[in-house]
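# Breakdown of the fold
Residue strings, one per chain:
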Amino acid sequence: MAQGDSSINPQRIIIVWLVLSVIADLAIIFLLGPHMPPGSASAQADEQRKTNIVLAVVLAPIAIAVWTYFAMALTSFRQRGEFRDGPPIQGDSRLQGYWIVGTLLIVLCLAAYGTYALYATTSSAAGSGGGQGPTLISAAPANALQVQVISQQWAFTFRYPQYGDVETTQLAVQSNRTVVFHVTSIDVIHSFWAYDLGIKVDGVPGVDNVADTTPNHPGTFTIRCAELCGVWHGEMHSTGLVLTKGGFASWIAQQRRQAQPVLKHLPPFRSVYYPDPTERAG
Amino acid sequence: MTTAAMSTRPSGVPRTNLFTGLVGLIIGYAIGIWVGRRIGTHVDFVSAIDENDYSVFCAYGFGTIGYLAGLGLLSYPLNRLVGRRPVEAVKSESGAWRYLSVSTDHKVIGLQYLWGIGLFFLIGGIGAMLIRVNLLRPSPPIFSPGQYLTLVGLHGSMMVMMVSSIILGPFGHYLVPLMIGARRMAFPRIEALTFWLTPLFGAILLTAISYGGFPTGWTGYPPLAIQANAGMDAYIFAFFLVAVAMVLNAINLMATIITMRAPGLTWNRLPIFVWSMLATTVLMLLGAPCLVAALLMETLDRTSGTTFFNAAHGGSPFLFQNLFWFFGHPEVYILALPGFGIVLEILPVFARKPLWGYRVAVSGLLGVALLSFMVWQHHLFVSGINANLRPFYMLTTELISVPTGFVFLAGMGTLWRARISYSVPMLFSLAFFFNFLIGGLSGVYLSDVPSDVTLHGSYFVMAHFHYTIMGGLVFAFFAGLYYWLPKMTGLQLNETLAKWHFWTMFISFNSTFLPLFALGALGMPRRVNTYAPHFQFLNDWVSVSAFVLGLSMLIFIANLLWSLAVTRRPAEANPWRSRGLEWQVPTPVPVTNFETIPVIQAGPYDYGVPNALPVADLSGAAIPAATGD
């Protein structure tokens, strides 16, 4: 039943696919990989960056396989000359079996890798920077910096329980010291997104939602709210600081001095807060 | 086929129609406001929040009843209830009044759906254009933050509500009875009701504007939704009607497909489009009640001060998130499955080959339907709900790509050694595979917890679901439209304009949504009205592409007007030489569809099969037309 004008050699598809896939994967690993978001400013961000690379390396050949097949099929198998029907091929159970086993294997490997990355306690990136509920998947070191992130419409404020419960409007953390963010909200659902640190934790009223990370060098990072929280959601962003050990000590001392007059008016430190019901605010 | 009632009305205007429905709506609305105010004055909570949501909900509720009564949809059940012989609705058999009054003809309802859905698609699309206007510059925004969020919420809600019946509405209703050899749906009056709810929920959603809009987007999360003004009530009531329509549609289609197949139409001869409708109805029937429950609790929290979602008084915002996504994730497959059905229905016709691996394709559809109920918490990976559940949802979410892969396998197998002709429906179907592949593979990033931590809530998610819904479902919708419109209207569309529509839409769609993946990965959150200055180039690129995408829709509308109103070239009965049963009936399709109930003799995709029988015997069966209905 071979039709001279419209047959392609399956081997040709495989060769084109192999060549393109190798090129794409090399480009992903060596050209794109170092710049893959969200960067490497913390162990968690780096873990996410690696995951993004692994996924791209696995998925690119799949996309290329489908596209190569379509490109070749669409150019070769056209209605030419006299209009007639194609060969009545109903299916191929062996090929279907290979496809099912193949896709299942890829999926299981990806899920296993994702789970490993999530729990890999040795890499100090366990939890991958996502909100983990009231307790961390793997405990942080004893000297970790504890920071409470209080979300409200439309700003984040930060409370440092190890430093006299001081509350600040600027977030500063210390490089090479694990920081544990305790995110909560006093009105609606927000999401604390410290992009460069690879942190995203929903702030939910009545919930102490925890994630940890270890920034690896001094610098700044972007903070944004990532959950729609009302009219000024788009303006709910700021810049956080990663300071050296000495820099952080003097920064927190200054914050405590400044906040001294108002500290006694703040509610006592708790893991969650239940303010009085708010009025309707549109 | 004029009835006695019609002969007394020479103009052919049915006694009840859209306009009597509107009168009923206004009367009901006024009564509802009055009742709501009477109730509200006795409720302490109303004076505490200084806003009476009772009057809003009562107005919508009574308005709905008045509208349905005005349309004449209530007379049958009410007459039955009091034991009187129901007066058969006046059927206008021809002319525009058919489309402006209640009809129980599934073909009229299919076309009513098509025009109604088209209108909403246009309104939702204008919303998208305005959103992209606002994002032309990083700041200051062009619209006020409240206006912008209302645009985002209306665009999202309108599109989600509209696309959930974009294929099931027009094509499901028009084609399923024709494809299975039936003369009508199982419950024609319920079928009419589900359509007439469609313009109503669209209108109610739009009334949110008069209350100052709503700030929550299409997800309606509390506590923000509890805090919001009365515009939120419009969202809640509209979505409630959508859920009701979904359940009714699901029961109707399911009963039709299971019980009304023509003799000889065994399950392994059922067209793949009908299979996709069946799988979709399972999702609708099981998912929509959860949405109703969530919306009911939200209504009570808003109107009566209950605390289902108030953490300070023992409730939890997580409850809504879980209920919403238990509906919401099957919902996205309610959107995807009909698209799979349409492209797999169309590919064999233009490849001139049987559908490759029919059983695998069917099990793919059913597998997606089954798995879609086990994945909902992937929307909540960073929410703080038990973190150790995440690997399970990661696994189930990634597993769903296996049955989705079956659809790709069937499509690719069908093209092997085929004799492809590149007509417009085929182009749209092929574009579906291109777009959905990108949409599907980007979904793997969102299912993987570590990479989802960065991508969740960002433009990456936005790009992902626009690739699956716009790039998948809407492209499949247009494939179906170009394929079946000649049968549905009896008229040919202009092919040159259609090709222009396809190429401008395909290119500008990808140019619009591909950069959004990058924007999201680089840190731009969804639903913001201002953004960092260094994102301006990509945003401007996206906006300009989106305007071209809008322009491509105008080409389509121009084609529609030109072909259906100006040139009116009659279409052949079977212009694509399809084996589908729906193409074997004359054009225009007779009111009773089939003169006699057909006897199915062969599968619908036996292209190229030597000595294949015609798909059905349309003449031999012994059931006369009069008793079939």
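Residues numbered from 1 in each chain as written. Chains lettered and ligands numbered in written order. Predicted model: local features only at pLDDT ≥ 70, side-chain atom pairs only at ≥ 80, totals over all residues. Heavy atoms only, no water.

### Re the overall build of chain B
Helix and strand counts for chain B come out as 23 helices and two strands. Taking 629 residues into account, the globule formula puts the C-alpha radius of gyration at 25 Å, and chain B, at 25 Å, falls close to it. Structurally, chain B occupies a C-alpha span of about 70 × 60 × 45 Å along its principal axes. Taking all 629 residues of chain B together, the buried fraction comes to 64%. Of all intrachain contacts in chain B linking residues separated by at least 6 positions in sequence, the fraction that spans at least 24 positions is 81%. A total accessible area of about 21,400 Å² is found for chain B, and carbon and sulfur atoms account for 70% of it. (Helix = DSSP H or I, 4+ residues; strand = E, 2+ residues; numbered from the N terminus. Rg over C-alpha atoms; globule rule 2.2 N^0.38 Å. Buried < 20%, exposed > 50% of the residue type's maximum accessible area, 1.4 Å probe, protein only. Contact = heavy atoms within 4.5 Å. Areas by Shrake-Rupley, 256 points an atom, 1.4 Å probe, with all protein chains shown as cover.)

### Here we look at the overall build of chain A
Within chain A one finds four helices and 10 strands. Starting at the N terminus, the α and β elements of chain A follow one another as α-α-α-β-β-β-β-β-β-β-β-β-β-α. Over its C-alpha trace chain A gives a radius of gyration of 27 Å, far above what one expects of a compact globule, namely 19 Å for 282 residues. If you line up chain A on its principal axes, its C-alpha atoms span 90 × 45 × 30 Å. The buried share among the 282 residues of chain A stands at 51%. Pairs at least 24 apart in sequence give 68% of the contacts found in chain A among residues at least 6 apart. Roughly 12,700 Å² of accessible area belongs to chain A as shown, and the carbon and sulfur atoms make up 63% of that amount. Charge-centre separation for chain A: the mean point of 17 positive side chains lies 6 Å from the mean point of 18 negative side chains. (Lys, Arg positive; Asp, Glu negative; His and termini not counted. Charge placed at Lys NZ, Arg CZ, Asp CG, Glu CD.)

### Some thoughts on the domain arrangement of chain A
Accessible area lost on assembly of the parts is the figure often given for the size of an interface. Residue and element names in this part refer to chain A. Assigned domains within chain A: domain 1 (10–76 + 92–121) and domain 2 (145–275). Between the C-alpha centres of domain 1 and domain 2 the distance comes to 37 Å. Counting residues at the interface gives nine residues for domain 1 and 10 residues for domain 2. At the boundary of domain 1 with domain 2, the tally comes to zero salt bridges. Our count for the contact surface shared by domain 1 and domain 2 stands at eight residue pairs in polar contact (both at pLDDT 80 or more). (Domains from an automatic or database assignment. Salt bridge = Lys/Arg side-chain N within 4 Å of Asp/Glu carboxyl O. Polar contact = N/O pair within 3.5 Å; in protein donor to acceptor, adjacent residues only side chain to side chain.)

### Observations regarding the nonpolar core
Core analysis: the biggest nonpolar cluster contains 266 residues, and Y160, F181 and F192 of chain A together with F239, L415 and F478 of chain B have the highest contact counts within it. The element contributing the most residues to this core is helix α20 (residues 459–489) of chain B, with 21 residues. Each of domain 1 (10–76 + 92–121) and domain 2 (145–275) of chain A gives at least three residues to this core. Excluding residues within four positions of it along the chain, Y160 of chain A makes contact with L145, Q146, V147, D165, V166, T168, Q170, L171, A172, F248, W251 and I252 of chain A. Residues V107 of chain A together with V402, F406 and L409 of chain B belong to the second largest nonpolar core, which totals six residues. (Core = buried A, V, L, I, M, F, W, Y, C linked by side-chain atoms within 4.5 Å.)

### With respect to the sheet that holds strand β3 (residues 166–168) of chain A
Residues and elements named next belong to chain A. Strands sit in the order β3-β2-β1-β5-β8 across an open sheet of five strands; the sheet is mixed. Edge strands, defined here as strands with exactly one partner in the open sheet, are β3 and β8 (209–213). The sheet shows a mean angle of 25° between the axes of neighbouring strands, direction not considered. Sheet topology places strand β1 (residues 145–152) next to strand β5 (residues 179–185); seven bridges connect them, and they run parallel. Bridging across to β5, Q148 finds its partner in H182. Packing against the sheet, helix α4 (residues 245–263) makes contact with β1, β2 (155–160) and β3, and its axis sits at approximately 100° to β3. (Pairing = 2+ DSSP bridges. Axes fitted to C-alpha atoms, helices over the stretch in contact; angles between N-to-C directions.)

### Regarding the packing of aromatic side chains
Residues and elements named next belong to chain B. Taken as a whole, this structure holds 70 aromatic pairs over all chains when the rule is applied. On the basis of an interplanar angle of 80° and a centroid distance of 5.2 Å, the ring pair of F408 and F433 is categorised as edge-to-face. Here F408, found in helix α17 (residues 401–415), pairs with F433, found in helix α18 (residues 424–447); they are 25 residues apart in sequence, far enough to count as distant. Taken as a pair, F408 and F433 share a single burial class, namely buried. Considering the side-chain rings of F460 and F517, the 5.0 Å spacing of their centres and the 65° angle between planes classify their relative orientation as edge-to-face. Of the two residues, F460 sits in helix α20 while F517 sits in helix α21 (residues 495–521), which places them 57 residues apart along the sequence. Of note, R189 hangs over the ring of Y76, and the distance from its end group to the ring centre comes to 3.4 Å. (Phe/Tyr/Trp six-rings, centres within 6.5 Å; stacked < 30°, edge-to-face > 60°. Lys NZ or Arg CZ within 6 Å of the ring centre and 35° of its normal.)

### Points about the sheet that holds strand β4 (residues 172–174) of chain A
Residues and elements named next belong to chain A. Reading across the sheet, the five strands line up as β4-β10-β9-β6-β7 and stay open at both edges, with mixed pairing between neighbours. Edge strands, defined here as strands with exactly one partner in the open sheet, are β4 and β7 (199–203). Between one strand axis and the next, the sheet turns through 25° on average, direction left out of account. Taken together, the five bridges between strand β6 (residues 190–194) and β7 define a ladder with antiparallel strand orientation. Opposite F192, over in β7, you have V201 as the bridge partner.

### Regarding the environment of E227 of chain A
Relative to the helices and strands, E227 of chain A resides in the loop between β9 (219–225) and β10 (237–243). In this structure, the C-alpha to C-alpha distance between E227 of chain A and N209 of chain A, residues 18 residues apart in sequence, is 15 Å.

### Some remarks on the interface of chain B and chain A
Every contact between the two is made by 97 residues of chain B and, on the other side, 96 residues of chain A. Both sides together, the interface formed by chain B and chain A hides about 8,100 Å², and carbon and sulfur atoms give 65% of it. Our enumeration of links across chain B and chain A arrives at one salt bridge. Close ionic contact of R352 of chain B with D85 of chain A constitutes a salt bridge, the shortest N to O distance being 2.9 Å. Here chain B is connected to chain A by 27 residue pairs in polar contact (both at pLDDT 80 or more). At nine residues, α17 of chain B tops the list of elements feeding residues into the side of chain B that touches chain A. (Buried area = accessible area lost by both parts, 1.4 Å probe.)

### Description of the pattern of salt bridges
Two side chains bearing opposite charge may form a pair once their charged atoms approach each other closely. Residues and elements named next belong to chain A. This model, assessed by the stated rule, comprises seven salt bridges over all chains. Residues D46 and K50 are paired through a salt bridge, measuring 3.5 Å at the closest nitrogen-oxygen approach. Here D46 and its partner K50 are both found in helix α2 (residues 43–76), four residues apart, which amounts to about one turn of the helix. Since its relative accessible area comes to 17%, D46 is described here as buried. Residue K50 is classed as partly exposed on the basis of its relative accessible area of 41%. Among the ionic contacts, a cluster of salt bridges with common partners joins D46, R49 and K50.

### Quick word on the confidence of the model for chain B
Low pLDDT marks regions whose predicted coordinates should not be analysed in detail. Residues and elements named next belong to chain B. Mean pLDDT over chain B: 91, with 95% of residues reaching 70 or higher. Here helix α1 (residues 4–7) stands out as the least confident element of chain B, with mean pLDDT 42; α21 is the most confident, with 96. In this model, residues 1–10 is a region of pLDDT below 50 whose contacts with residues beyond four sequence positions or in other chains number eight contacts. A low-confidence stretch, residues 624–629 stays under pLDDT 50, and its non-local contacts, those more than four residues away or across chains, total six contacts. Taken together, the chains of this predicted complex give a pTM of 0.93 and an interface ipTM of 0.94. (pLDDT = per-residue confidence, 0-100.)

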